[in-house]
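Spelled out, the chains give:
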Amino acid sequence: MLVVFAWGAAWGAAPFSHRIHLQQNLECVQCHTAAARSTKVEDNLLPDRQVCRGCHEEAAIPAPPSTRLSKFSHSLHLRMGNVAPFLASAIDHQDYLQPPGDIRPHLNTRNPCQACHRGLEESDQVTRAALPQMADCLVCHTQIEAPFSCEDCHAKDAPLKPANHVPRFMNDHSTGKLNLDKTTCALCHGRAFTCMGCH
Ligand code: HEC
Ligand code: HEC
Ligand code: HEC
Ligand code: HEC
Ligand code: HEC
Ligand code: HEC
Ligand code: HEC
């Protein structure tokens, strides 16, 4: 099928719908041609405009999304095959360190890309929900020790402390007055933290 659109000012503003395009039986890698070989976060994995020209006369490709990661290799992780069953199992066994939201049903996928990029077949506009969250990574990267383990994925001097970690937090956290929810600490401190021997 060949659909040809002349994109004037009105078309230029149309959001990109993965739902519509996946219904055309297009594979992720037909558009995101650079993804499978990418070894660096800095690589631009969005499609080249040329890819759209088979069906559209004009196409606008935005800038790639920002990320707080400094290291990630698509190539290395895709060589492991489909990681969705690992993530699904962590959620089922309550080992997943963040609220999983609505991602669990999407993890029955056979598409290795959709293990980390979920819900696109229903998406009419790209949002950050299409990107993996930190707990996905920690299913396999299980060593958690702030601040050292953070540098495996984030830049060395990245500001990663939550806003409540003000200078007095070390003293205040033990008073019981802060009403801290222990389960929210696990993402960055693990579940079995000893924290300098006090716990
Ligand atoms: C017809 C081409 C096409 C196909 C097929 C396609 N994409 Fe995309 N994808 C795009 C375009 C264009 C954008 C940029 C859209 C935007 O930012 O508005 C994009 C953006 C993305 C993003 C960035 C999300 C963000 O937060 O900015 C991810 C991740 C992604 N696609 C993954 C996938 C996966 C996984 C598949 C297969 C299930 C897929 N795409 C199939 C064209 C495509
Ligand atoms: C295989 C053909 C095909 C390719 C390749 C393709 N598209 Fe489309 N595109 C379609 C079809 C079909 C529609 C839906 C037309 C409709 O329903 O009105 C569409 C609609 C759109 C729309 C309007 C979306 C909406 O909500 O109505 C945008 C924007 C768009 N495409 C962008 C792109 C971009 C950007 C690329 C390249 C990354 C691309 N398309 C590649 C077939 C294609
Ligand atoms: C193990 C998880 C994982 C898998 C599997 C995975 N990705 Fe990603 N993807 C990420 C992460 C993390 C980011 C954000 C960091 C980055 O840009 O490298 C990302 C970013 C992206 C982006 C937007 C980034 C940009 O800079 O342009 C696209 C597009 C994308 N991935 C496509 C794909 C496609 C296509 C596949 C399958 C061939 C795939 N991904 C498989 C984790 C994954
Ligand atoms: C299914 C298990 C699994 C998942 C999920 C996973 N990784 Fe990995 N990752 C590995 C393995 C195995 C290696 C290779 C051994 C090593 O270096 O630890 C690796 C290596 C890495 C490396 C070092 C690679 C290099 O180039 O030096 C980084 C950085 C990384 N992963 C980031 C991430 C991020 C970010 C995510 C989440 C978006 C993620 N990983 C999700 C298993 C996983
Ligand atoms: C194995 C990889 C990995 C490790 C190790 C890691 N993170 Fe992350 N982190 C991620 C990913 C993936 C995201 C989502 C980032 C994005 O797309 O911008 C993230 C996001 C974050 C965010 C932003 C959360 C938000 O909702 O905006 C903070 C803060 C953060 N990490 C702190 C830490 C701290 C502190 C450590 C060390 C204890 C750490 N991270 C270790 C992968 C990792
Ligand atoms: C100097 C000793 C000390 C250190 C170091 C310390 N804590 Fe605590 N923490 C305490 C004391 C004392 C309490 C109150 C009694 C209790 O619940 O064990 C407490 C309470 C807590 C609570 C429960 C708070 C509440 O309001 O119910 C959490 C969660 C916690 N600490 C996490 C941590 C984490 C994570 C670290 C490391 C990053 C850490 N602590 C480091 C002494 C310490
Ligand atoms: C988004 C990640 C993140 C979350 C969530 C988080 N912390 Fe931290 N926390 C850090 C980082 C990063 C440090 C700094 C470690 C260092 O530099 O030694 C830290 C340090 C601490 C310290 C040492 C004092 C300080 O301010 O440096 C305590 C105590 C602490 N955290 C307790 C907690 C408790 C209790 C929770 C849950 C209520 C929690 N943290 C949740 C990232 C996090």
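What this report covers is the structure whose coordinates are included nearby. (Residues numbered from 1 in each chain as written. Chains lettered and ligands numbered in written order. Predicted model: local features only at pLDDT ≥ 70, side-chain atom pairs only at ≥ 80, totals over all residues. Heavy atoms only, no water.)

1. Quick word on the site of ligand 4
Here is step 1: In the neighbourhood of ligand 4, 15 residues make up the surrounding shell, with H77, M80, C137, C140 and H141 lying closest.
Here is step 2: The side chain of H77 places a nitrogen or oxygen atom 2.7 Å from a nitrogen atom of ligand 4.
Here is step 3: One nitrogen or oxygen atom from the side chain of H141 is found 2.8 Å from a nitrogen atom belonging to ligand 4.
Here is step 4: Broken down by secondary-structure element, the contributors of at least two residues to the shell around ligand 4 are α4 (74-78) and α6 (134-138).
Here is step 5: Residue classes in the shell around ligand 4 are distributed as ten nonpolar, two polar and three charged. (Near = heavy atom within 4 Å. Polar contact = N/O pair within 3.5 Å; in protein donor to acceptor, adjacent residues only side chain to side chain. Helix = DSSP H or I, 4+ residues; strand = E, 2+ residues; numbered from the N terminus. Nonpolar A, V, L, I, M, F, W, Y, C, P; charged D, E, K, R; others polar.)

2. With respect to the nonpolar core
Here is step 1: Counting 15 residues, the largest nonpolar core has I91, Y96, L97, L107 and L187 as its most contacted members.
Here is step 2: Listing elements by their share of this core, those giving two or more residues are α5 (84-92), α6 and α8 (186-189).
Here is step 3: Per-element tally for this core: the top contributor is α5, with five residues. (Core = buried A, V, L, I, M, F, W, Y, C linked by side-chain atoms within 4.5 Å. Buried < 20%, exposed > 50% of the residue type's maximum accessible area, 1.4 Å probe, protein only.)

3. What to know about the coordination of the iron atom of ligand 7
Here is step 1: Protein ligation of the iron atom of ligand 7 involves H165 (NE2) and H189 (NE2), the donor distances falling in the range 2.0 Å.
Here is step 2: Around the iron atom of ligand 7, the six donor atoms are arranged such that angles at the metal cover 87 to 180 degrees; this shape is classified as octahedral. Taken together, the positions of H165 in the loop between α6 and α7 (169-172) and H189 in helix α8 put the pair 24 residues apart, joining distant regions of the chain. (Donors = N, O, S within 2.8 Å, 3.2 Å for Na, K, Ca; no water. Tetrahedral: all angles 85-135°; square planar, octahedral: opposite > 155°, others 65-115°.)

4. Examining the environment of D95
Here is step 1: Here D95 shows up in the loop between α5 and α6.
Here is step 2: Residues D95 and S123, 28 residues apart in the sequence, show an inter-C-alpha distance of 28 Å.
Here is step 3: Not counting residues within four places of it along the chain, the set of residues in contact with D95 comprises A90 and R191. (Contact = heavy atoms within 4.5 Å.)

5. Thoughts on the coordination of the iron atom of ligand 6
Here is step 1: Around the iron atom of ligand 6, the donor atoms from the protein are H173 (NE2) and H199 (NE2), and they sit 1.8 to 1.9 Å away.
Here is step 2: Around the iron atom of ligand 6, the six donor atoms sit at angles spanning 85 to 178 degrees, and that spread fits a shape best called octahedral. Taken together, the positions of H173 in the loop between α7 and α8 and H199 in the segment after α8 put the pair 26 residues apart, joining distant regions of the chain.

6. A word on the site of ligand 3
Here is step 1: Residues in close proximity to ligand 3 total 21 residues, the closest being L45, H74, C113, C116 and H117.
Here is step 2: Among the secondary structure elements, those contributing two or more residues to the shell around ligand 3 are α3 (28-31) and α4.
Here is step 3: Residue composition of the shell around ligand 3, grouped by class: 16 nonpolar, four polar and one charged.

7. Examining the pattern of salt bridges
Here is step 1: Counted according to the given criterion, the structure contains seven salt bridges.
Here is step 2: Between E151 and K156 there is a salt bridge, with the nearest N and O atoms lying 3.8 Å from each other.
Here is step 3: When its relative accessible area of 28% is taken as the criterion, E151 is described as partly exposed.
Here is step 4: As a salt-bridge pair, D172 and R168 come within 2.9 Å of each other at their nearest N and O atoms.
Here is step 5: Owing to a relative accessible area of 54%, R168 belongs among the exposed residues under this scheme. (Salt bridge = Lys/Arg side-chain N within 4 Å of Asp/Glu carboxyl O.)

All we've got here are geometric facts, nothing functional implied.
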